[in-house]
Amino acid sequence: MPTANRTNTGLSERIRALPASIRLAPSIAAAVFALFLWLGEPLSELLTGQDPVLARIERSGVMRVGMDANYPPFEWVDAQGQFQGYDVDLARALGEQLGVQVTLVDVHFDGLYDALEAQRCDLIISALPHDPMMTRDLAYSRAYYDAGLVLVGSSGGADIETIEDLAGRSVAVELGSEGHMLARLWERDKGLAIELHVVREPLELVASLQDSIAELLICDSVTARGYLAQDPSLRIVGPMLSSERYVIAAPIEATELIDRVDQALDEWEASGQLGAWEQRWLSERASP
Amino acid sequence: MPTFRHPNRWRLIRRTALALGLVGCVAVLNVLPQKLVMVGPPQIVETLHPKVGVHTRLTDEVEAWKIQRTCEMVRQMGSPWIVEYFPWGYYESSKGRYDWSHPDLVIDHATAQGLTVLARIDFVPEWARPEDTTFRHLDADHYGDYAAFVAAFAARYAGRVEHLIIWNEPNLSFEWGYRPPDPEAYTELLRQAYLAAKEANPDVEVLMAGLAPTTAPEGNPWGLDDLIFLQRVYDAGGGEWMDGLAVHAYGLTFPADEPPDPSQINFRRAELTREVMVANGAGDVPIYITEGGWNDNPRWTKAVRPYQRIGYTLQAYELAESWPWCEAVCMWVMRFPWPQSTHQDSYAFVTPEFIPKPIYVEVGHYAHGEPYEYWSE
């Protein structure tokens with residue numbers, strides 16, 4: 001065996017003599033490292049399982065909140081072009097909690113989910129009712145307000161404990177409203193004979209109580225809070241008749257973000273902050 | 001020989017009996033037929049206003065009794081017409097293999113109730129479009145596949161369904177697979193569907209798609225003005241390939257008698273559509289309003305109060321009586337199988353639980369010439 005040849009073999013030749021798997025290992029490692037640097041944080045989120053929506057918010061320092069600013073008292077744009085309302089306060093407080101700025105993105109109500117899917121916003125805070133049909137595609141927070149139907153009475157209704165207690169009572173409803181349909185459903189399915197007084201406009205509902213045409217009225221809890229602020233003799237009586245829970249929605253992968261939202265809502269409920277926003281926007285704003 | 005005695009013998013026997021009982025119940029439930037729904041004897045729609053119609057939404061309604069109940073309620077309202085959507089992709093999931101079970105159910109019940117069905121056909125199956133496209137995307141090399149399905153549908157329901165609507169709102173980018181609206185391409189689709197349908201059933205009437213009422217100008221990426229789109233269809237020779245025209249006539253916040261204006265969307269925009277037809281020598285071609293109406297959702301900016309919705313709807317049916325070129329006015333929408341949780345719920349005449357809304361009640365009174373329950377001028 002020509003020893004001389006062996007001793008004269010250069011480094012490159014010795015490398016070529018190695019098995020391909022070992023020879024290419026440094027190149028593969030370098031390529032992976034370069035890919036890691038190129039993909040940067042998204043890859044690390046993928047590898048660590050971090051919520052990509054929250055990571056993006058933290059990286060940019062901005063949380064984009066989608067809302068249909070056309071639904072007072074929850075959200076609207078005032079004459080000065082400023083966003084106002086319960087959800088606006090809630091969104092800003094959430095931004096503070098997360099330590100980021102909040103950008104409000106005005107989107108038509110029916111386009112909110114599309115805006116989330118198209119990543120035009122990170123969250124929806126817009127008096128958004130919980131939709132059980134969407135839970136495979138979206139992450140929802142716990143509810144922060146229930147805008148379901150309630151009974152409002154003036155002098156009457158103190159003895160109402162169950163829906164069945166409405167039998168034979170005179171109840172005002174707005175034509176074609178949710179309350180009207182619910183009363184018709186009770187009539188059909190429960191045989192509940194309510195003396196329905198059907199009016200055309202919401203304002204006629206209160207007038208029908210004040211004029212003693214009806215003993216009670218049915219409306220959603222937001223409208224009811226407004227009526228109570230206008231007329232202190234009115235009060236909400238009996239059980240809630242239906243539930244329409246307002247929630248915050250995020251992309252399905254935003255699990256950590258929704259956890260943080262839920263924590264914040266829990267804290268605000270315990271501290272009375274949710275109640276304070278309700279008072280400010282649903283009662284005080286509606287008072288004369 | 002020692003006898004084995006289980007320490008909890010009675011408990012074991014009871015559990016075994018319970019398990020056997022449960023297995024038996026499951027077996028019996030599987031063997032028993034589902035709720036039996038008979039199509040029933042043929043019915044006749046009683047109405048004083050034969051143009052009254054409504055768009056049903058039975059596509060995703062899986063329970064036969066609900067399909068039947070919906071059709072019954074349409075008949076009882078005094079509406080002889082329904083528009084129904086038949087998604088091609090549901091019924092031909094692989095090329096040439098048809099599953100007609102659901103459309104059979106819908107058409108059996110609708111025709112038994114005496115209803116005339118206007119069948120809208122679209123929704124591209126996956127096999128007929130590229131990956132990563134929507135069910136509204138159909139390339140020209142698959143127009144023949146669509147036409148073949150239309151022909152199969154026309155042949156199967158010959159004598160029972162005599163009006164086919166070719167596609168839906170092709171003047172919207174969304175409805176054209178997120179591509180710019182293309183009237184000339186649509187005309188070619190219409191031509192192929194027309195020829196195939198006529199070959200399968202010479203008596204069938206082929207209707208051009210209802211266009212979305214919009215004032216979007218040429219070049220807008222999301223849509224194209226319906227009047228411009230229609231003119232371009234005529235320019236491309238489309239007039240030869242339609243026996244009628246489907247029209248979508250929404251009133252938004254305006255009364256039904258609001259005068260037509262090319263820059264505005266209202267119910268009487270149908271008259272402007274008619275003017276385009278007449279200008280193109282198609283004055284004898286009938287119009288079928290296959291969608292339309294008003295919405296009373298308090299969260300929608302284009303909504304009206306429920307009582308206004310009733311008044312405008314009755315006014316629209318009445319107005320159509322004076323339009324000899326209009327065969328039917330089918331309002332959107334009879335009922336959804338489940339809540340949509342959008343303003344769409346507030347177009348419905350009946351709730352998902354089959355509770356009639358006041359609009360249903362009053363249209364029924366109108367159709368039967370009875371005094372109104374809620375509505376007054």
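Here is a short report on the structure shown in this document. (Residues numbered from 1 in each chain as written. Chains lettered and ligands numbered in written order. Predicted model: local features only at pLDDT ≥ 70, side-chain atom pairs only at ≥ 80, totals over all residues.)

**Quick word on the overall build of chain B**
Note the following rule: Going along the chain from the N terminus, every DSSP run of H or I of four or more residues is numbered as a helix, and every run of E of two or more is numbered as a strand. In this scheme the burial state of a residue depends on its C-beta neighbours within 10 Å: 20 or more other such atoms mean buried, 12 or fewer mean exposed, and anything in between means partly exposed; the C-beta positions come from the backbone. C-beta atoms are placed from the backbone for every residue, and two residues are taken to be in contact when these atoms lie within 7 Å.
In terms of helices and strands, chain B carries 10 helices and 8 strands. Dimensions of chain B, computed from the C-alpha atoms along their principal axes, are close to 105 × 55 × 40 Å. Looking at the 377 residues of chain B, the share that counts as buried comes to 45%. Considering only contacts in chain B between residues 6 or more positions apart, those separated by 24 or more positions represent 72%.

**Things to note about the interface of chain A and chain B**
Every contact between the two is made by 16 residues of chain A and, on the other side, 16 residues of chain B. Counting only elements with at least two residues in the side of chain A that touches chain B, the list comes to strand 2 (70-71) and helix 9 (178-189) of chain A. Looking at the side of chain A that touches chain B, the element that brings in the most residues is helix 9 of chain A, giving 4 residues.

**What to know about the pairing of strand 3 (residues 116-122) of chain B**
Residue and element names in this part refer to chain B. For the record, the criterion: Paired strands are those between which DSSP finds at least two bridges. Seen with its strands pointing away from the viewer, a crossover is right-handed if its path from the first strand over the helix to the second goes clockwise.
Buried residues dominate strand 3, accounting for 7 of its 7 residues. Of the two faces of strand 3, both are covered, the one formed by T116, L118, R120 and D122 as well as the one formed by V117, A119 and I121. In this sheet, strand 3 lies alongside strand 2 (residues 81-87) in parallel orientation, the contact comprising 7 bridges. Looking at the pairing, F86 lines up with I121 of strand 3. Across 4 bridges, strand 3 lies against strand 4 (residues 163-166) in parallel orientation. The partner of A119 across the bridge, within strand 4, is L164. You can see the chain leave strand 3, run along helix 5 (residues 143-156) and come back into strand 4, and the turn it takes is right-handed.

**As for the sheet that holds strand 10 (residues 170-174) of chain A**
Residue and element names in this part refer to chain A. For the record, the criterion: Note on method: axes are straight lines fitted to C-alpha atoms, helices fitted across the in-contact stretch only, with angles between N-to-C directions ranging 0 to 180 degrees.
Sheet architecture is open: 5 strands sit in the order 11-10-12-9-13, paired in mixed fashion. In the strand order of this sheet, the two ends are held by strand 11 (195-199) and strand 13 (235-237), each with one partner. Between one strand axis and the next, the sheet turns through 40° on average, direction left out of account. Alignment of strand 9 (residues 149-153) against strand 13, held across 3 bridges, turns out to be antiparallel. Its bridge partner being in strand 13, G153 is matched across the sheet by R235. Along the sheet, helix 10 (residues 202-210) contacts strand 10, strand 11 and strand 12 (216-220); its crossing angle with strand 10, the most-contacted strand, is approximately 165°.

**Quick notes on helix 11 (residues 221-230) of chain A**
Residues and elements named next belong to chain A. By the criterion of burial, helix 11 is predominantly enclosed, with 7 of the 10 residues buried. Of the positions making up helix 11, those classed as buried are S221, V222, T223, A224, R225, G226 and Y227. On its buried face, helix 11 sits against strand 8 (145-146), strand 9, helix 10, strand 12, strand 13 and helix 13 (273-284).

**Concerning unusual backbone geometry**
Cis peptide bonds are those with omega within 30 degrees of zero, and the linkage from P72 of chain A to P73 of chain A qualifies with 5°. For P73 of chain A, the location among the structural elements is in the loop between strand 2 and strand 3 (75-77). For the bond from W332 of chain B to V333 of chain B, the omega torsion is 5°, close enough to zero to count as cis. Checked against the element boundaries, V333 of chain B lands in the loop between strand 8 (326-332) and helix 10 (358-368). Within the chain, W167 of chain B stands out as a residue other than glycine whose phi angle is a positive 80°. Locating W167 of chain B in the fold gives a position in the loop between strand 4 and helix 6 (183-200). For W167 of chain B, a count of 23 C-beta atoms within 10 Å corresponds to the buried category. Positive phi is not limited to glycine here, since Y178 of chain B has a value of about 60°. When you line up the elements, Y178 of chain B lands in the loop between strand 4 and helix 6. Given 14 C-beta atoms within 10 Å, Y178 of chain B falls into the partly exposed group.

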